[in-house]
Amino acid sequence: MPDNSPRLIGCGTALVTPFNTDGSIDEAALRALVDWQIAEGIHFLVPCGSTGEAATMTIDEQQRVVALTVEQARGRVPIVAGAGSNDTKKAIELSHRMRDAGATHLLHTSPMYNKPPQRGIVAHYRAIAETAALPIVIYNVPGRTGSNVEAKTTVEMAAIPGIVAVKEASGSLSQIADIIRDRPSGFSVLSGDDELTLPVMALGGDGIVSVVSNVTPRLMSQLCEKMGSGDIDVARTLHFQLLAWMRAAFIESNPLPAKAALAMMGRIQNQLRLPLVPLADANAGAVRAALQAAEAIR
């Protein structure tokens, strides 16, 4: 498949989906969030991933969120639309809908719950790549899927036309190092863990699909830019400035802390869809203190 889309590097935000009190999509808040993210220097946007609560959206809602993101971005940054499913046929249908919504890339999680063998994971991605007509980012997140995409499997899939990147959230630097060492030219390796952004880029990785950049897009983008230019001293300073927030962002399941933080900043309402619930009151102080440390709020 020909690929004329930009290579994914730097910091991409795994966007939350703002909701109204009745559970509907808060379209005005989403548009404002997209504009703010781009103004703050984010390099690409990733709507409808796990952070965006895609698991509780209908296909029509997912398409609407991606279409709004694309419309508001106006071509300023790539839009990597979540289209994952553990049903390969549904994943292909989602891919087509996200393409119709204007996405530039697709994010496909490794199948959850089914726990296919490695050859099944390859077959799943190959079937999607053969029909999706957009560049695909592999998403390896064993903590959510129940299975790991091994380094050799990722490298094998990197040779499939149309598969252009991996979001690696295994938490294993050893595994990520193996992928970086063996990947083909032009294949992007993106951290899926905010706290590992600096070490992954030090190994030669290309950036991050970030949760914390929902709240601190400028700092996370600058961290990636400094690592990309070899200015590790400044990148390290930014890492430590963000460290408390990187940890507080996962004090409860993502996106509970991120949505609470954005609500503290007045950017969205703190609304989630069941079975997710708002951040526990006992954890609000830690989130607020982390935001103050990152200078995101006073």
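Residues numbered from 1 in each chain as written. Predicted model: local features only at pLDDT ≥ 70, side-chain atom pairs only at ≥ 80, totals over all residues. Heavy atoms only, no water.

1. A word on helix α9 (residues 217-228)
Here is step 1 of the chain: Helix length check: α9 (12 residues) gives 16 Å between terminal C-alpha atoms against 16 Å at 1.5 Å per residue, within 8%.
Here is step 2 of the chain: When α9 is considered as a whole, its buried residues turn out to be P217, L219, M220, S221, L223, C224 and M227.
Here is step 3 of the chain: Tucked into the core, α9 has its buried residues touching β1 (10-14), α1 (27-39), α8 (197-202), β8 (207-210) and α10 (232-248).
Here is step 4 of the chain: Looking one or two residues beyond α9, the residue adopting positive phi is G230, at roughly 85°. (Helix = DSSP H or I, 4+ residues; strand = E, 2+ residues; numbered from the N terminus. Expected span 1.5 Å × (residues − 1). Buried < 20%, exposed > 50% of the residue type's maximum accessible area, 1.4 Å probe, protein only. Contact = heavy atoms within 4.5 Å.)

2. Looking at the packing of helix α2 (residues 59-73) against helix α3 (residues 88-100)
Here is step 1 of the chain: Two elements in contact, α2 and α3, have axes separated by 9 Å at closest approach and are oriented at 35°. As α2 runs across α3, the sense of the crossing is right-handed. Of the residues in α3, those in contact with I59, D60, Q62, Q63 and V66 of α2 are K90, E93, L94, R97, M98 and D100.
Here is step 2 of the chain: Partitioning the contact of α2 with α3 into residue classes produces 4 nonpolar, 2 polar and 5 charged. (Axes fitted to C-alpha atoms, helices over the stretch in contact; angles between N-to-C directions. Left-handed = near helix turned anticlockwise from the far one by under 90°. Nonpolar A, V, L, I, M, F, W, Y, C, P; charged D, E, K, R; others polar.)

3. Examining the nonpolar core
Here is step 1 of the chain: Ranked by internal contacts, the top residues of the largest apolar core, which has 87 residues, are M157, I163 and W245.
Here is step 2 of the chain: A per-element tally of this core places α10 first, with 7 residues.
Here is step 3 of the chain: Every residue in contact with I163, bar those within four places of it in the chain, is listed here: Y125, A129, I136, I138, M157, A158 and F187.
Here is step 4 of the chain: Ranked by size, the runner-up nonpolar core spans 14 residues in total, among them L8, V46, Y139 and V141. (Core = buried A, V, L, I, M, F, W, Y, C linked by side-chain atoms within 4.5 Å.)

Nothing here speaks to function; it is all geometry.
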